[in-house]
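Summary of the model geometry
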Amino acid sequence: MQKPSNKGYRVAVVGATGIVGETMLEILAERKFPIAEVAALASSQSVGREVSFGRKSVVVDDLATFDFKGWDFALFSAGGSVSAEHAPRAAAAGCVVIDNTSHFRMDPAVPLVIPEVNGEILKGFDSGIIANPNCSTIQMLLAVAPIHRRVGVARINVSTYQSVSGAGRAAMEELGRQSADRFNFRDPEPKVFDLPIAFNVLPAIDVFEDNGYTREEMKMHHETRRILGSDVIQVNATAVRVPVFIGHGEAVHLETVEPISVDGVAKLLQSAPGVRLLTGTDLATPLTHAAGKDEVWVCRLRRDLSHSQGIDFWLVSDNVRKGAALNAVQIAEMLTKQNS
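Residues numbered from 1 in each chain as written. Predicted model: local features only at pLDDT ≥ 70, side-chain atom pairs only at ≥ 80, totals over all residues. Heavy atoms only, no water.

Here we look at the side chain of D312
- Assignment of secondary structure puts D312 in strand β13 (residues 310-317).
- In this structure D312 is buried but unpaired, with R302 as the nearest side chain of opposite charge at 4.2 Å.
- Among the polar contacts listed, one links the side chain of D312 to the side chain of H253, at a separation of 3.0 Å.
- With residues near it in sequence (within four places) discarded, D312 still touches V252, H253, R300, L301, R302, R303 and D304. (Helix = DSSP H or I, 4+ residues; strand = E, 2+ residues; numbered from the N terminus. Buried < 20%, exposed > 50% of the residue type's maximum accessible area, 1.4 Å probe, protein only. Lys, Arg positive; Asp, Glu negative; His and termini not counted. Salt bridge = Lys/Arg side-chain N within 4 Å of Asp/Glu carboxyl O. Polar contact = N/O pair within 3.5 Å; in protein donor to acceptor, adjacent residues only side chain to side chain. Contact = heavy atoms within 4.5 Å.)

Points about the layout of surface pockets
- Volume-wise, the largest pocket comes out at about 1200 Å³.
- If you go around the largest pocket, you meet 50 residues; those closest to its centre are S165, G166, A167, G168 and R241.
- Those elements that place two or more of their residues in the lining of the largest pocket are α1 (19-30), β2 (35-42), α2 (80-92), α6 (215-228) and α9 (321-339).
- When grouped by side-chain class, the residues that make up the lining of the largest pocket number 23 nonpolar, 20 polar and seven charged. (1 Å grid on protein atoms, 1.4 Å probe; cavity = no way out; pocket = protein on both sides within 12 Å on 5 of 7 lines; lining within 4 Å. Points joined across faces, edges and corners; volume = space filled by probe spheres on them. Nonpolar A, V, L, I, M, F, W, Y, C, P; charged D, E, K, R; others polar.)

Re the sheet that holds strand β9 (residues 234-241)
- Judged by pairing direction, the sheet is mixed, and its six strands sit side by side in the order β9-β8-β10-β13-β12-β11 without closing on themselves. Bordering the open sheet on either side are β9 and β11 (275-277), each of which pairs with just one other strand. The mean inter-strand angle of the sheet, taken between neighbouring strand axes irrespective of direction, is 20 degrees.
- In the sheet, strand β12 (residues 296-303) pairs with β13 via five bridges, with the strands oriented antiparallel. Note on β13: the bridge partner recorded for V298 is L315.
- On top of the sheet, α6 reaches β8 (153-162), β9 and β10 (248-256); it is set at about 145 degrees to β9, its chief contact. (Pairing = 2+ DSSP bridges. Axes fitted to C-alpha atoms, helices over the stretch in contact; angles between N-to-C directions.)

Okay, here's the thing in structure tokens:
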């Protein structure tokens, strides 16, 4: 990555017409990322559309024919097959690629980064591909990492309650349409999901693996180990889709290696970057705390009655922001600080 011009960096957002791509552009403007030029890229069907970048509008260009030479950053969120084809092309042209799909996450040559957790691995990084972790992994590890650093975490049992925005704009539209159908005594017709999502709960996300877990659940297992640098920590996940538009919730039950009090965990969470701890009976929900916010909100911190070194808590986060777009922008911010 070259030193920026006096006007800043040239940044391309791939998947700019999707919910995450639009939020990437929003956050870049909101956080005043030093940009000299921004490109909004998507498939040929979206060419000519306009998307917002702060108070400006940007015309969408065709990813397939776009020349990345001379561009500093390429933020990808357009699906794994798109990243597989075009992210190496952008990296070969000299871009730092920050990819939001799962395609590169387990590639040992590609850093898998949550800036607040393991951002130090980017020291000296100046070209190539960086992977954004899964949204559910990101929000869980912001809370788990400080505990792991202090006393070690041996095992995590986690149940996720994931909003439909994790499946894209079409899924959000499906929830709205099916909700209207229910109120009007019509049977909803599933299209994005296999079963109705309105007023329902779907106890599986992504495809099933041979071991009976879904790919989403195994992502949390493998990515947690990689990000925390541990091949012994166990992550047992159950991923559930719920009829919420934005914001994932997680019920986390962990077992520490060394003993720690609930007050000790509270102090760690209170000082953890990107984490807000609610105490007593205050509750964090996707609608009231997560949606539109950058923090991971933790509540219901307590001792696990079934294990002497068990800790339980509930957390919520905006999966589109911190779970995807914001994390990518924060990675770019870290690199610009290194380059200044």
